[in-house]
Amino acid sequence: MRSKVNITEEKLSELKAAMEIHKKEPGPLMPTLHAAQKIFGCIPLPIQKIISNELDVSIARINGVVTFYGHFSVEPKGKNIVSVCLGTACYVKGSQGILDAFSHDLNVKVGDTTDDGMFTLEATRCIGACGLAPIFTVNEEVFANGSVQLVKKVVQKLKS
Amino acid sequence: MKTLEELKALRKKSYEKMYMIGVTGGVRVQVGYGTCGIAAGAKPVYDTFVNEIKALNLDNVEVTQVGCMGECAFEPIVEILESNGSKTIYCLVTDRIASEIVEEHIVKGNRIDKYLLSKTKR
Amino acid sequence: MLDRMHILICGGTECKETNSLKIRDKFNTELERLNLGKDIKTILTGCFGLCALGPHVVIYPGETLYSGVKLEDVTEIVEQHIANGKPVERLLYKGDFNRKKFRNRSELTFFARQKRIALRNCGVINPLEITEYIARQGYEALGTVLKTMTPLQVIEEVKKSGLRGRGGGGFPTGVKWEFANRQISDQKYVICNADEGDPGAFMDRAVLEGDPHSVLEAMAICGYAIGANTGYIYIRAEYPVAVERLQLAIGHAEALGLLGDNIFDSGFNFKIELRLGAGAFVCGEETALIASIEGERGMPRNKPPFPAVKGLFGKPTNVNNVETFANVPVIFLKGADWFKSIGTEKSSGTKVFALGGKIANTGLLEIPMGTTLREVIYEIGGGIPNKREFKAVQTGGPSGGCITAASLDTPIDFDNLIALGSMMGSGGMIIMDEDNCMVDVARFYLEFTVDESCGKCTPCREGTKRMLDILNRICDGQGTMEDLDVLERLGNMIKDSSLCGLGQTAPNPVLSTLKHFRKEYEAHVIDKVCPAGVCKNLTTYVVTDECIGCTKCAKNCPVGAIEGTVKGKHYIHPEQCIKCGACKTACPVNAISTKPENWEGV
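All values derive from a computational prediction rather than experimental measurement.

Asks: What is the right way to look at the overall build of chain B in this model?
Replies: The number of helices and strands found in chain B is five helices and four strands. If you list the helices and strands of chain B from N to C, you get α-β-α-α-β-β-β-α-α. Along the first, second and third principal axes, the C-alpha atoms of chain B reach 45 × 30 × 25 Å. Taken over 122 residues, chain B has a buried fraction of 49%. Excluding contacts between residues fewer than 6 apart, the proportion of contacts in chain B whose partners are at least 24 apart in sequence is 66%.

Right, dumping it as structure tokens:
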């Protein structure tokens, strides 16, 4: 079971407030989508429809923009987000092996969420901490100088 | 800000504050606080400095965040500037080392050689 | 070349401002006068770290430190100390200075070889305090420009400085500003491109985090020069720290009236807003970036019309990269001639590089153009760790190429790197050693470009995908010699026919590795072996005779595939080995090899 998007009145009014501000500026779509992504954790179709009505932009265009950029997602992410840096500095120091190890240990494909909605595994491009390569993050916590052994430890801790 | 003179006056004032001109026994603790530094654990280090210096009532010591110095592999990096003009760079600092630096270096004035960037680097 | 004596003169930025260059010249003439020039060397060093009391002169042997040395003191030092061996008491450093606290010279090498212009304030000032930026002459360039120069004079100065775009292309900045200035329009825009997409590069992030005001000041100067009153900073959403500090910096500058209406009482208005990128590499291309701010998919369009004519919201727009902007205030503080005197004839100034990969000192460094790759890697970077051998340096990220050991003495500038089949790019510099497979590296970059191709033009969308398919095949051991020719042909075709810079440069990593490391490709194709031990299907780990029998490999093997006795040569059972490489990492004497027998390197 994937976790469902939680659209509450409170969150909707937060989005509406953000749109009120951005509507007055030129090029309001991107800032609005950023706000939506932040508020809901993803931008599913119902939200896109609301934005479409409010900003008077066709939903086709909005959907096109949402799916174009890696930062926006249509589906909700898992409870724990594991991101492995695949920037060059990390890659040449073996981050692909770390990504494979996570994929194997969490039993999830890169870019996907586990069926129980517990884990999302992502490959990111450079978070800019190349001095500590290879690195990965779990819910904002940064793990430096990663290794397959460290992955095993982290997964064990996350699952318990 | 209407004139260059105003700006220059502010510059002079800020410069004197930043470089502790005319202050005796002044210390400026610079904690590298870029993304690398934060990822390597600069926050607990910064907090340790702030808390300990506050606890010890060291009025002449200022703790400040700075950007990346470029030595990412040795973060967190802390640079100690003193009003006598000396500069010391410590690297791979932890909150424990930070307390040690406050006690030994800032309070007693003894540099701790084993944590120096110049000693750690090959 | 043992000189009898050395005179070290601090050449750090702050001491230089207080005359250290003239002091050195004076020392030289005085030494000549007394006929001592041959025996005694004067050296301009990096910052001693005592800037408030500079300039400093240190005389070796004896390490006598003089501080606050003035031009007129030089004769006395030379006559009394150097000729007669009596230190000049009057000038000796007197404070509570402890010689042990003196910065260790080895610590200086990393900093001393650098020249920090764009990074001048990074790691020095508190980026959250506008006063610290002002303490370092912040906003003085803007003030001077608004009070004393016309827009055309500003442009002329930037043109004279020879500053070229640091985002990758190397287009002359002054010329770009001039194009935008010439357009007649009711509204123009300045955009700062902070969509640093090259994976493994973080120069712009360091500037924005460590010195946000320098970019704001430069954007205002640019706005004045081209006649724009609004600026946008398009920044990656992945840089939350930089976003936060920029927002704060804009607020502080507005509060002091350094941004906003009627800046410096000159009638010039300028405001800056942030726009967040959303994770699309192609948005580093200026027309794609503009589309993204407008709320479209970030797809590039044909040029002309250039953004200077028809840019953001259809208005004339000037787009520069973060590092380019960070250089601008210094040009006005120290003059275009000073800036031009640094670097090489066609590439003036400095360049910031993010040094990463297999290198001892991973980090950020700024060097004058014309420094050689060897100096950067071995002197500043500290060489390759773990006793491995240097294989290649990759510059320019997914758009660049690999440079081999044979070209390490090439001075770095825009044109030389292009001649080597790579490019300056935004400044990523990744060092690779013998454990990196060049075919795999090429595949890595191509995977990136395939992922990031926006899909608008066919050569880039389809072509890069086909190239990736071939590379995947080669890495799996299914490649043929014909594949190598197809790669080359396809690569050149994509270069020639793609719409934007992304596609035009996407084949570079493949083409340059094909050119320099063809043997490695052939090993994959003909011998079905990956000499570096990266491509799993083509790798066999073997223990060589170097083995000292320390048992570390056996202990680290996660599947127990290694057997051997203490002090005896170990053996890896190939059928059990999962090729994780843990043994190779663990081995203290580099006795585990993946190279085929008789492999002579590339």
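Asks: When you look at the interface of chain A and chain C in this model, what are you seeing that I'm missing?
Replies: In many reports, interface size means the accessible area that the parts give up when they come together. Contacts between the two partners involve 29 residues from chain A and, on the opposite side, 33 residues from chain C. Taken together, the residues of the side of chain A that touches chain C sort by class into 17 nonpolar, ten polar and two charged.

Asks: What am I meant to see in the interface of chain C and chain B here?
Replies: Each partner contributes to the interface: chain C provides 49 residues, whereas chain B provides 35 residues. Considered class by class, the residues forming the side of chain C that touches chain B number 21 nonpolar, 16 polar and twelve charged.

Asks: Got a minute to help me understand the pairing of strand S3 (residues 78-82) of chain B in this structure?
Replies: The two faces of the sheet receive side chains in turn, since in a regular strand these alternate between them. All names here are of chain B. Counting buried residues in S3 gives four out of five residues, a clear majority hidden from the surface. Here strand S1 (residues 27-32) pairs with S3 via five bridges, running antiparallel. Bridging across to S3, Val-27 finds its partner in Glu-82. Judged from the four bridges that link them, S3 and strand S4 (residues 87-90) form a sheet pairing that is antiparallel.

Asks: When you look at the sheet that holds strand S5 (residues 189-194) of chain C in this model, what are you seeing that I'm missing?
Replies: Strands belonging to one sheet form pairs held by backbone hydrogen bonds; the direction of such a pair is parallel or antiparallel. All names here are of chain C. Pairing within the open sheet is mixed, and its five strands lie in the order S7-S8-S6-S5-S9. Sheet topology places strand S7 (260-263) and strand S9 (317-321) at the edges, where each strand pairs with a single neighbour. Geometrically, the sheet is characterised by an average inter-axis angle of 25 degrees between neighbouring strands, direction not taken into account. Helix-sheet contacts for helix H11 (residues 240-255) involve strand S6 (230-235), S7 and strand S8 (268-276), and the interaxial angle to S8 is about 165 degrees.

Asks: Looking at this model, I keep getting lost on the nonpolar core. Mind explaining?
Replies: Note that soluble globular proteins tend to have their nonpolar side chains buried in a common cluster. All names here are of chain C. Ranked by size, the top nonpolar core spans 224 residues in total, and within it Val-207, Val-215, Met-219 and Ile-221 carry the most contacts. When residues of this core are assigned to their parent elements, the largest contribution, ten residues, is made by helix H10 (residues 212-226). Ranked by size, the runner-up nonpolar core spans 16 residues in total, among them Ile-23, Leu-31, Val-74 and Val-78.

Asks: Could you clarify how one ought to interpret helix H17 (residues 438-452) of chain C in this entry?
Replies: Along an α-helix, a turn takes 3.6 residues, which lines up residues three or four apart on a common side. Residue and element names in this part refer to chain C. Over its 15 residues, H17 extends 21 Å from the first C-alpha to the last, a length consistent with the 21 Å expected when each residue adds 1.5 Å. Among the 15 residues of H17, twelve are classified as buried, and the element is accordingly described as predominantly covered. Inspection of H17 places Met-438, Val-439, Asp-440, Val-441, Ala-442, Arg-443, Phe-444, Tyr-445, Leu-446, Phe-448, Thr-449 and Glu-452 among the buried residues, and these make up the whole buried set.

Asks: Explanation requested: helix H2 (residues 29-40) of chain A in the structure shown.
Replies: With twelve residues, H2 of chain A ought to run about 16 Å at 1.5 Å a step, and its terminal C-alpha atoms sit 16 Å apart, in line with that. When H2 of chain A is considered as a whole, its buried residues turn out to be Leu-29, Met-30, Pro-31, Thr-32, Leu-33, His-34, Ala-36 and Phe-40 of chain A. Considering only its buried residues, H2 of chain A is in contact with helix H1 (9-23), helix H3 (45-55) and helix H4 (59-68) of chain A together with S8 and helix H12 (286-293) of chain C. Within two residues after H2 of chain A, Gly-41 of chain A carries a phi angle of roughly 80 degrees, on the positive side.

Asks: Quick question: what am I supposed to make of the packing of helix H19 (residues 481-497) of chain C against helix H21 (residues 508-516) of chain C here?
Replies: Residue and element names in this part refer to chain C. Viewed as axis vectors pointing N to C, H19 and H21 meet at an angle of 135 degrees, and their least axial separation amounts to 10 Å. Considered as vectors, H19 and H21 are oriented oblique to each other. H19 and H21 meet at a crossing whose hand is left-handed. Side by side, H19 and H21 meet where Leu-484, Leu-487, Glu-488 and Gly-491 of the first sit next to Val-510, Leu-511 and Leu-514 of the second. Across the contact of H19 with H21, the residue classes break down as five nonpolar, one polar and one charged.

Asks: Quick question: what am I supposed to make of unusual backbone geometry here?
Replies: Negative phi values dominate among residues other than glycine, just as trans dominates among peptide bonds. Residue and element names in this part refer to chain C. Note that the residue after Lys-303, namely Pro-304, is joined by a cis bond; omega there is -5 degrees. Of note, Pro-304 is situated in the loop between H12 and S9. The step from Pro-304 to Pro-305 runs through a cis peptide bond, and the omega angle for that step is 0 degrees. Within the secondary structure layout, Pro-305 lies in the loop between H12 and S9. Even without being a glycine, Asp-265 presents a positive backbone phi close to 60 degrees. Examined against the element boundaries, Asp-265 turns out to sit in the loop between S7 and S8. Judged by local crowding, Asp-265 falls into the partly exposed class, with 13 C-beta atoms found within 10 Å. The backbone of Asn-386 shows a phi angle near 60 degrees, a positive value even though the residue is not glycine.

Asks: What exactly am I supposed to notice about the sheet that holds strand S2 (residues 61-66) of chain B here?
Replies: All names here are of chain B. A sheet is described by the order of its strands in space; here four strands give the open sequence S2-S1-S3-S4, paired in mixed fashion. Among the strands making up the open sheet, the edge pair consists of S2 and S4. Averaged over all pairs of adjacent strands, the angle between strand axes in this sheet comes to 20 degrees, irrespective of strand direction.

Asks: Teacher, can you tell me more about the environment of Ile-572 of chain C here?
Replies: All names here are of chain C. With respect to the helices and strands, Ile-572 occurs in strand S17 (residues 571-572). Ile-572 gets classed as buried once you count the C-beta atoms within 10 Å, which come to 20. Once residues within four sequence positions are removed from consideration, Ile-572 is found in contact with Tyr-541, Val-542, Val-543, Ala-561, Ile-562 and Cys-577.

Asks: How should the packing of H10 of chain C against helix H13 (residues 322-334) of chain C be read in this particular structure?
Replies: Think of two packed helices as two axes; the pair is described by the angle between the axes and how far apart they sit. All names here are of chain C. One can describe the packing of H10 onto H13 by two numbers: an axis separation of 8 Å at closest approach and a directional angle of 80 degrees. By the angle between their axes, H10 is roughly perpendicular relative to H13. Judged by residue contacts, Ser-214, Val-215, Glu-217, Ala-218, Met-219 and Ile-221 of H10 engage Val-322, Phe-325, Ala-326, Val-328 and Pro-329 from H13.

Asks: Can you help me understand the environment of Glu-75 of chain A in this one?
Replies: Mapped onto the secondary structure, Glu-75 of chain A falls in the loop between H4 and strand S1 (80-85). For the pair Glu-75 of chain A and Gln-156 of chain A, spaced 81 residues apart in sequence, the C-alpha separation works out to 26 Å.

Asks: Can you walk me through the pairing of S1 of chain B in this structure?
Replies: Counting buried positions along S1 of chain B yields six of six residues, so the element is predominantly enclosed. Burial along S1 of chain B is two-sided: the residues Val-27, Val-29 and Val-31 of chain B and Arg-28, Gln-30 and Gly-32 of chain B are all buried.

Asks: Help me understand the confidence of the model for chain C in this model?
Replies: A low pLDDT score tells you not to read the predicted coordinates there in detail. Residue and element names in this part refer to chain C. Looking at chain C as a whole, its pLDDT mean stands at 88, while 91% of the residues score no less than 70. Low pLDDT (under 50) marks residues 96-108, which in the prediction has 18 contacts with non-local residues, meaning those over four places away or in another chain. Across the whole predicted complex the pTM is 0.84, and at the interface the ipTM reaches 0.89.

The rules we used
Residues numbered from 1 in each chain as written. Chains lettered and ligands numbered in written order. Predicted model: local features only at pLDDT ≥ 70, side-chain atom pairs only at ≥ 80, totals over all residues. Helix = DSSP H or I, 4+ residues; strand = E, 2+ residues; numbered from the N terminus. Buried ≥ 20, exposed ≤ 12 C-beta atoms within 10 Å, placed from the backbone. Contact = placed C-beta atoms within 7 Å. Nonpolar A, V, L, I, M, F, W, Y, C, P; charged D, E, K, R; others polar. Pairing = 2+ DSSP bridges. Axes fitted to C-alpha atoms, helices over the stretch in contact; angles between N-to-C directions. Core = buried A, V, L, I, M, F, W, Y, C linked by C-beta atoms within 7 Å. Expected span 1.5 Å × (residues − 1). Parallel < 35°, antiparallel > 145°, perpendicular 65-115°, else oblique. Left-handed = near helix turned anticlockwise from the far one by under 90°. pLDDT = per-residue confidence, 0-100.

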